[in-house]
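# Examining the three-dimensional arrangement
So the chains spell out like this:
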Amino acid sequence: MLLAHRRLLSSSQARGSFHIDISEEIKHALNSSKPVVSLESTIITHGLPFPQNFEMAKQVEEVVRDNGAIPATCAFIDGKPRVGLSELSLKYLAEQANKGKANKVSRRDIGYTMAKGYNGGTTIASTMILSHMAGIKVFATGGLGGVHKGGQNSFDVSADLTELGRTPVSVVCSGPKSILDIGLTLEFLETQGVFVGTYNDDGRLDVEVPGFYCRESGYRSPYDFSSFEEAASIIHNHNNIMSLNSGNIFCIPPPRESALSSSFISKVIDRANQEAIAQNISGKNLTPFLLSKIAEETNGKSVECNIKFVLNNARAATQIATSLSKLEN
Ligand code: PSU
Ligand code: MN
C-alpha cells in the first residue's frame, strides 16, 4: 500500500499536471495501513437540501470514526480536487451548493471544474477516481446511479456504471435508486464485469437487490454475502490477488424500521418521472430533479430515509475496510 501510494504520488508529480489535495490525517492513515472509507459529496451538493446536507455529512464522518476508520469525503473546492475535508470546508461546500454555486462533478466534468476553479460535489464515479488516486479502496454512499427508466431510448446511463467497470474501488450502498430501471442496471453492470452482492446475514433465500428506499426491488441479486469479512475477501481476491482493475458493489438492504413500502414509493416515483418528461428534464439534472420531487411528495420522509441508509452503509463500509486492511497486512 505504502509503495503503491508513493509510486502514484511521484508519477503524478512527474507529470506535473495533477495534484490532489489529500488531508494529512488521511495520508498518515494510508501510510500506516489504517482503514480509510471514502464518502461522496454530490449527495451534499445535489442530493439533499440545506441544512440536512451539512448535518448528514458530519454525521456520516462520525459514524466512520466511531467504527474505527478515517473518513475521506471527496469534493472539488475552488477547483481543487480534495480527499478529506475539514468541517469548515464541508460547511462551505454545503452553503455554496445552497446558493447554486457547486457543480455536479462526474468523470467528464473534472477538467472543466478545475479549469474554472469551481466548487463541485463528486458523484460515485468521480469519488471512485479520487479515491483510487489516493489509494482508498472502500467507499460508502446511499444509492448508486444507473440506467434510467426508458434508458434504452434516452441512453441515460449513469457514468457510475462505466467507472465501476474501469476503477478498482468498492462501493457500499443500498442498491441502485428505485427511480432507475434496476433490471437494465444489473445487465449493464454484468457487461462491465462488476460484482454485485447483497448482504444476507439471516440466511434468506432468493435475495433481492435492495431498491434504495425499499428492502426489495423485484430483482434477484446476482450474489449475496453473509459477513463483512466475506465482502473483504471478495475485494482482496478480485483486486489484490487477481489485480482486476474494476470495482465491486456491496448492497446493504435498508434497516426494516426505516425502509419505505415499495407500493407507496413506486407511485411517487412514477409521478416524478412523468413530471420530468413533461418538463423536459434530462442529463445530469434528472437525478437531482427526481430526488427533490420525491422529497416534496413524501414531506421529507424520503430525505430522512436517505440519511439513515447512508449512515447504515457507512457502518458496513467501515467494517469491510477494517477486514480488508487485516487481509492486506
Ligand atoms: N444517491 C443518493 N443521492 C444522490 C446520489 C446518489 O442518495 O444524490 C448521486 C450520486 O452521487 C450518484 C449520482 O453518483 O447521484 C448519479 O447521478 P447520475 O444519474 O446523473 O449519474
Ligand atoms: Mn444521467
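Structure first, text after, so check above.
Residues numbered from 1 in each chain as written. Chains lettered and ligands numbered in written order. Predicted model: local features only at pLDDT ≥ 70, side-chain atom pairs only at ≥ 80, totals over all residues.

### So, the site of ligand 1
- Lining the immediate environment of ligand 1, one finds 19 residues, of which Thr 42, Gly 47, Gly 142, Gly 145 and Ser 158 sit closest.
- Contributing elements (two or more residues each) for the shell around ligand 1: helix H3 (42-47), helix H9 (159-166) and helix H13 (286-297).
- Among the elements that make up the shell around ligand 1, the one with the highest residue count is H3 (four residues).
- The residue inventory of the shell around ligand 1, partitioned by class, reads four nonpolar, eleven polar and four charged. (Near = placed C-beta within 6 Å. Helix = DSSP H or I, 4+ residues; strand = E, 2+ residues; numbered from the N terminus. Nonpolar A, V, L, I, M, F, W, Y, C, P; charged D, E, K, R; others polar.)

### Topic: the pairing of strand E8 (residues 170-173)
- Along E8, one buried face is formed by Ser 170 and Val 172 and the opposite face, lined by Val 171 and Cys 173, is buried too.
- Two strands pair when backbone bridges link them, and strand E7 (residues 138-140) and E8 are joined in this way by three bridges, in the parallel orientation. Paired with Phe 139 across the bridge in E8 is Val 171.
- Pairing analysis gives four bridges linking E8 to strand E11 (residues 248-251), with the strands arranged parallel. Residue Val 171 lies in a different strand from E11, and its bridge partner there is Ile 249. (Buried ≥ 20, exposed ≤ 12 C-beta atoms within 10 Å, placed from the backbone. Pairing = 2+ DSSP bridges.)

### With respect to unusual backbone geometry
- Each neighbour pair has its own omega, and for Phe 50 with Pro 51 the value is 5 degrees, a cis peptide bond.
- In this model, Ser 33 sits at a positive phi of 55 degrees, which is unusual for a non-glycine residue.
- Residues other than glycine seldom take positive phi values, yet Asp 206 does so here, at roughly 50 degrees.
- Assignment of secondary structure puts Asp 206 in the loop between strand E9 (195-199) and strand E10 (223-225).
- The exposure class of Asp 206 is exposed, given the 8 C-beta atoms found within 10 Å.

### Here's the deal with the pairing of E9
- In terms of burial, E9 is largely enclosed, as five of its five residues are buried.
- Burial of the side chains of E9 extends over both faces: Phe 195, Gly 197 and Tyr 199 are buried on one face and Val 196 and Thr 198 on the other.
- Across four bridges, E9 lies against E11 in parallel orientation. Along E11, the bridge assignment pairs Gly 197 with Phe 250.
- Across three bridges, E9 lies against E10 in parallel orientation. Its bridge partner being in E10, Tyr 199 is matched across the sheet by Phe 225.

### A closer look at the environment of Thr 113
- Among the structural elements, Thr 113 can be located in helix H6 (residues 110-116).
- For Thr 113, a count of 21 C-beta atoms within 10 Å translates into the label buried.
- The spacing of Thr 113 and Ala 140 is 27 residues in sequence and 23 Å in space, taken between C-alpha atoms.

### Section: the packing of helix H4 (residues 52-66) against helix H5 (residues 87-98)
- Two elements in contact, H4 and H5, have axes separated by 9 Å at closest approach and are oriented at 155 degrees. In this view, H4 runs roughly antiparallel relative to H5, as classed from their interaxial angle. The handedness of the crossing between H4 and H5 comes out as right-handed. Touching Asn 53, Phe 54, Ala 57 and Lys 58 of H4 are Glu 87, Leu 90, Lys 91, Ala 94 and Ala 97, all from H5.
- Grouping the constituent residues of the contact of H4 with H5 by class yields five nonpolar, one polar and three charged. (Axes fitted to C-alpha atoms, helices over the stretch in contact; angles between N-to-C directions. Parallel < 35°, antiparallel > 145°, perpendicular 65-115°, else oblique. Left-handed = near helix turned anticlockwise from the far one by under 90°. Contact = placed C-beta atoms within 7 Å.)

### What about the nonpolar core?
- Ranked by internal contacts, the top residues of the largest apolar core, which has 93 residues, are Val 37, Ala 72, Val 172, Ile 249, Ala 317 and Ile 320.
- It is helix H14 (residues 301-328) that provides the largest number of residues to this core, a total of eleven residues.
- Setting aside residues no more than four positions away along its own chain, Ala 72 makes contact with Ile 26, Val 36, Val 37, Ser 38, Leu 39, Val 83, Gly 84, Ala 134 and Ile 136. (Core = buried A, V, L, I, M, F, W, Y, C linked by C-beta atoms within 7 Å.)

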